[in-house]
Amino acid sequence: MNATIAPLSIKKIAIDFKEITKAGLAVSVVFSSIAGYLLGVLDFHDLKISTLLMLAVGGYCMVGASNAFNQVIEKDLDALMDRTKNRPVASGRMSSNHALFIASLLTIIGLILLYLINPKSAMFGAISIFLYTSVYTPLKQYTPLSVFVGAFPGAIPFMLGWVAATNNFGIEAGTLFLIQFFWQFPHFWAIGWFLFEDYEKAGFFMLPTGKKDTSTALQTILYSVWLLVASMLPCLGYTGRLFISPIAAVMVFLLGIWMIFYAVKLYQLRTSKAARTLMLVSVSYISLLQLIYITDKFLR
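A quick note: this is a predicted structure, and the numbers were derived from the prediction, not measured.

J.: I'm lost on the packing of aromatic side chains in this one. Help?
T.: Describing an aromatic ring pair means giving the distance of the ring centres and the angle of the ring planes. For the structure on display, the rule yields 17 aromatic pairs. Consider the rings of Phe182 and Tyr223, whose centres lie 6.3 Å apart with planes at 50 degrees: the pair is tilted. Taken together, the positions of Phe182 in helix 9 (residues 171–194) and Tyr223 in helix 11 (residues 214–232) put the pair 41 residues apart, joining distant regions of the chain. Every member of this aromatic cluster is reached through a ring pair, and the members are Phe148, Phe152, Phe177, Phe181, Phe182, Phe185, Trp189, Tyr223 and Trp226. Above the face of the Phe204 ring, Lys140 is positioned so that its terminal group lies 4.5 Å from the ring centre. One cation-aromatic arrangement involves Arg276 over Phe194; the distance from NZ or CZ to the ring centre is 4.3 Å.

J.: Got a minute to help me understand the nonpolar core in this structure?
T.: General note: in soluble globular proteins, nonpolar side chains tend to be found buried as a group. Residues Leu39, Leu289 and Tyr293 are the most contacted members of the largest nonpolar core, which totals 89 residues. By residue number, the principal contributor to this core is helix 9, which donates 13 residues. Judged by nonpolar contacts, the second largest core, of seven residues, contains Ala23, Ala26, Val29 and Val63.

J.: How do you make sense of helix 6 (residues 96–117) when you look at a structure like this?
T.: Think of an α-helix as turning once every 3.6 residues; residues three or four places apart then point the same way. Here helix 6 spans 31 Å end to end across 22 residues, near enough to the 32 Å set by a 1.5 Å rise per residue. Listing the buried residues of helix 6 in full gives Ala99, Ile102, Ala103, Leu106, Thr107, Gly110, Leu113, Leu114 and Ile117. Along the axis of helix 6, the buried positions cluster into a sector of 145 degrees, meaning they face one direction only. In helix 6, the exposed positions angled more than 90 degrees off the buried face are occupied by Asn97, Phe101, Tyr115 and Leu116.

J.: Is there a simple way to explain the packing of helix 8 (residues 146–166) against helix 9 in this structure?
T.: Geometrically, a packed helix pair is captured by the angle between its two axes and the distance between the axes. Two numbers describe how helix 8 lies on helix 9: the axes approach to 7 Å, and their chain directions differ by 140 degrees. In terms of orientation, helix 8 and helix 9 fall into the oblique class. Judged by the twist between their axes, the crossing of helix 8 over helix 9 is right-handed. Residues belonging to the contact of helix 8 with helix 9 are distributed by class as follows: 18 nonpolar, four polar and one charged.

J.: Just checking my understanding: could you explain the packing of helix 2 (residues 23–40) against helix 3 (residues 49–73) for this structure?
T.: One can describe the packing of helix 2 onto helix 3 by two numbers: an axis separation of 9 Å at closest approach and a directional angle of 140 degrees. Judged by the sense of rotation from one axis to the other, the crossing of helix 2 with helix 3 is right-handed. Across the interface between the two elements, Ala23, Leu25, Ala26, Val27, Val29, Val30, Ser33, Ile34 and Tyr37 of helix 2 pack against Thr51, Leu52, Leu55, Ala56, Gly59, Tyr60, Val63 and Asn67 of helix 3. Grouping the constituent residues of the contact of helix 2 with helix 3 by class yields 13 nonpolar, four polar and no charged.

About the criteria used
Residues numbered from 1 in each chain as written. Predicted model: local features only at pLDDT ≥ 70, side-chain atom pairs only at ≥ 80, totals over all residues. Heavy atoms only, no water. Phe/Tyr/Trp six-rings, centres within 6.5 Å; stacked < 30°, edge-to-face > 60°. Helix = DSSP H or I, 4+ residues; strand = E, 2+ residues; numbered from the N terminus. Lys NZ or Arg CZ within 6 Å of the ring centre and 35° of its normal. Core = buried A, V, L, I, M, F, W, Y, C linked by side-chain atoms within 4.5 Å. Buried < 20%, exposed > 50% of the residue type's maximum accessible area, 1.4 Å probe, protein only. Expected span 1.5 Å × (residues − 1). Arc of directions from axis to C-beta. Axes fitted to C-alpha atoms, helices over the stretch in contact; angles between N-to-C directions. Parallel < 35°, antiparallel > 145°, perpendicular 65-115°, else oblique. Left-handed = near helix turned anticlockwise from the far one by under 90°. Nonpolar A, V, L, I, M, F, W, Y, C, P; charged D, E, K, R; others polar. Contact = heavy atoms within 4.5 Å.

Shown next as structure tokens:
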């Protein structure tokens, strides 16, 4: 009997840890950080596995901590929404104190690991947690500008990788930040669109106009265009060591047109299905963009 209970308990703990840290999101953030690191190193000979591991684990800890703090703060609101009511704290499977302990421990571990890489990395990690938990999270109930504020911590990972590799924040890191910053808007407005009714239960303002209307859809197109512009900057020769070849530039341009196409489809159809499709395309966009940048760097 005890032998059966123990594995089940461990499995439940693992599942709750995965949910409270939003493992899927955290892994995607870690991927962005690693992409930024690979772009930042001069060549393969400068790759340090120890730094990569500290960046990956430290990055996961920072994202996981932010999500855990968020779920403690919003536990009562999460309980109102279908997509979040089964989260560990909202459902009562985990106490707020236990969640706070996990979040605090992850914060400490994450900051230490990032500091061991360099102090700038730890500073940006700390800024990310502060903005996400102390500014973005409470603003969600009061203003659509919460998405703008949330775009700052959301844009840090890509840039953080470059800082981890170079110990420098310059035009290159700033460009990576800009790309992921503009990406946040069509991505989260698409989510806000197809989950509008669920967000409404908790009183969250996720769309720029507060409604699923033509203006919101139009702004999604405009920010998709800005995303394309930002993504093309490395081909112009003004972004320092961060640059892409003409072939990569064509691929990035086509990728951007693909994104804009589905933003236009949302404008035309204004349906939840179109918004969900745009969200999936946006996830593919940022991953493919990073792969194109990395592949181009090491092949040219």
